[in-house]
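Per-entry structural report
Single-letter residue listing:
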Amino acid sequence: MAVELFLDLYSPPCRAVYIFARKNGIPFELRPVVLTLGEHLKPEFLKVNPLGKVPALRDGDFLLAESVAILLYLSRKFQTAAHWYPTEPQACARVDEYLAWQHTAIQQPAANVFLCKCLLPYFSGQPVDAAKLERLMGKLTPSLQHLDRVVLMAKPFLATEQISLADLITLVDLMQPTAVGCDLFRDWPRLAAWRARVEAALGPELVQEAHKRVLQLRDPQDAPRDPQVVQQLVKRLQERLR
Ligand SMILES: N[C@@H](CCC(=O)N[C@@H](CS)C(=O)NCC(=O)O)C(=O)O
């Protein structure tokens, strides 16, 4: 049986896994998990990932969570082109270094901006907390500045001279706030040029297809009708953004 991927393309790490699998012709069965319906909190999915988060992978009886681990597993299992995750030790270490850094420097703060601007107000019915949004944007700024003024001054991609997992994972993360009106590329010209290079390397159609859901859905139309699920989602969001 093909590898099963549990994804919601609303989620950046899910889009990274989806784009990687599609770009590399990796056969997979898509198992949609709709976050806005609370499907990630249902017992069936908690058997796949007890943390209740997507993406997740099932390969036979092997279960795996965390986008970076999933991308590395797929790259090894399907022996994808070396530029994604180089075999040369120092180039490989550069990708590892970046992947370790991005989790707290990019993924978390970018997702928090999106949750504060879009999902929490949608589910709670409360207006956007402007002061909180500004504080969350402020947490992302030093990382964007580092990428624009240091990393991309030295090379065309984030870890090596070619596109790697580092670029893929960061593109999808930066698209999340951008999709809801916080354009992270506007003030950073090298980052904007890098985005164009990454999209060209991945294929603009594939990038667009993967981002269709988040770019079109300012309001999650498939939001849950069940007030208990809404309450559960709001609680999780508030705890995360505290
Ligand atoms: N570090 C994880 C992040 C996973 C994650 O936080 N996924 C989010 C969607 S982007 C999720 O499932 N959230 C649901 C929740 O926490 O309620 C990864 O890279 O895979």
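Residues numbered from 1 in each chain as written. Predicted model: local features only at pLDDT ≥ 70, side-chain atom pairs only at ≥ 80, totals over all residues.

**Side note on the packing of helix α1 (residues 12-23) against helix α6 (residues 165-179)**
- The interhelical angle for the contact between α1 and α6, taken along N-to-C directions, is 135°, at an axis separation of 8 Å. When the interaxial angle is binned, α1 and α6 end up oblique. Where α1 crosses over α6, the handedness of that crossing is right-handed. Contacts between α1 and α6 pair P12, R15, A16, I19 and F20 from the former with L168, I169, V172, D173, M175 and Q176 from the latter.
- A class-by-class count of the residues in the contact of α1 with α6 yields 8 nonpolar, 1 polar and 2 charged. (Axes fitted to C-alpha atoms, helices over the stretch in contact; angles between N-to-C directions. Helix = DSSP H or I, 4+ residues; strand = E, 2+ residues; numbered from the N terminus. Parallel < 35°, antiparallel > 145°, perpendicular 65-115°, else oblique. Left-handed = near helix turned anticlockwise from the far one by under 90°. Contact = placed C-beta atoms within 7 Å. Nonpolar A, V, L, I, M, F, W, Y, C, P; charged D, E, K, R; others polar.)

**Concerning the sheet that holds strand β3 (residues 56-59)**
- The sheet built from 4 strands is open, its strands ordered β2-β1-β3-β4 with mixed pairing. Across the chains shown, the open sheet's two edge strands, defined by having one partner strand only, are β2 (28-32) and β4 (62-65). The mean angle between the axes of side-by-side strands here comes to 20°, regardless of whether they run parallel or antiparallel.
- Its contacts with the sheet put α1 on β1 (3-7) and β2, and the angle it makes with β1 is roughly 145°. (Pairing = 2+ DSSP bridges.)

**Digging into the site of the ligand**
- Contacts to the ligand come from 13 residues, most closely from S11, P13, K53, V54 and S67.
- Residue composition of the shell around the ligand, grouped by class: 6 nonpolar, 4 polar and 3 charged. (Near = placed C-beta within 6 Å.)

**Quick notes on helix α7 (residues 189-202)**
- For α7, spanning 14 residues, the distance from its first C-alpha to its last is 20 Å, which sits close to the expected 20 Å at 1.5 Å a residue.
- Those residues of α7 lying buried are L191, W194, R195 and V198. Down the axis, α7 shows its buried residues gathered within 105° of arc, on one side only. Structural note: α7 exposes P189, A196 and A200 on the side pointing more than 90 degrees away from its buried face.
- The secondary structure elements touched by the buried residues of α7 are α5 (130-154) and α6. (Expected span 1.5 Å × (residues − 1). Buried ≥ 20, exposed ≤ 12 C-beta atoms within 10 Å, placed from the backbone. Arc of directions from axis to C-beta.)

**Here's the deal with the environment of V198**
- Here V198 is to be found in helix α7.
- Overall, V198 belongs to the buried group, with 20 C-beta atoms counted inside 10 Å.
- Separated by 31 residues in sequence, V198 and D167 have C-alpha atoms that sit 6.9 Å apart.
- With sequence-adjacent residues up to four places away left out, V198 is seen in contact with I163, D167 and L171.

**Considering the environment of Q232**
- Looking at the element boundaries, Q232 is found in helix α9 (residues 227-241).
- As a C-alpha pair, Q232 and G38 span 194 residues in sequence and 8.3 Å in three-dimensional space.
- Sequence-distant contacts of Q232, that is, excluding residues within four places in its chain, are made with G38 and L41.

**Structural notes on the pairing of β4**
- Pairing geometry for β3 and β4, over 4 bridges, is antiparallel. Opposite R58, over in β4, you have L63 as the bridge partner.
- Linking two consecutive strands that pair antiparallel, namely β3 and β4, is a turn of 2 residues; a positive phi of about 65° is found at G60 within it.

**Side note on the domain arrangement of the protein**
- Considered domain by domain, the protein is made up of domain 1 (3-83) and domain 2 (89-238).
- On a C-alpha basis, the centroid separation for the pair domain 1 and domain 2 is 18 Å.
- Every contact between the two is made by 19 residues of domain 1 and, on the other side, 27 residues of domain 2.
- Counting only elements with at least two residues in the side of domain 1 that touches domain 2, the list comes to α1 and α3 (67-77).
- Per element, the largest residue contribution to the side of domain 1 that touches domain 2 is 8 residues, and it comes from α1.
- Its residues assigned to classes, the side of domain 1 that touches domain 2 shows 12 nonpolar, 4 polar and 3 charged. (Domains from an automatic or database assignment.)

**Some points on the pairing of β2**
- The sheet contact formed by β1 and β2 spans 5 bridges and is parallel. Paired with F6 across the strands is R31, a residue of β2.
- Since β1 and β2 lie parallel, the crossover through α1 that links them has a hand, and here it is right-handed. (Right-handed = clockwise from strand over helix to strand, strands pointing away.)

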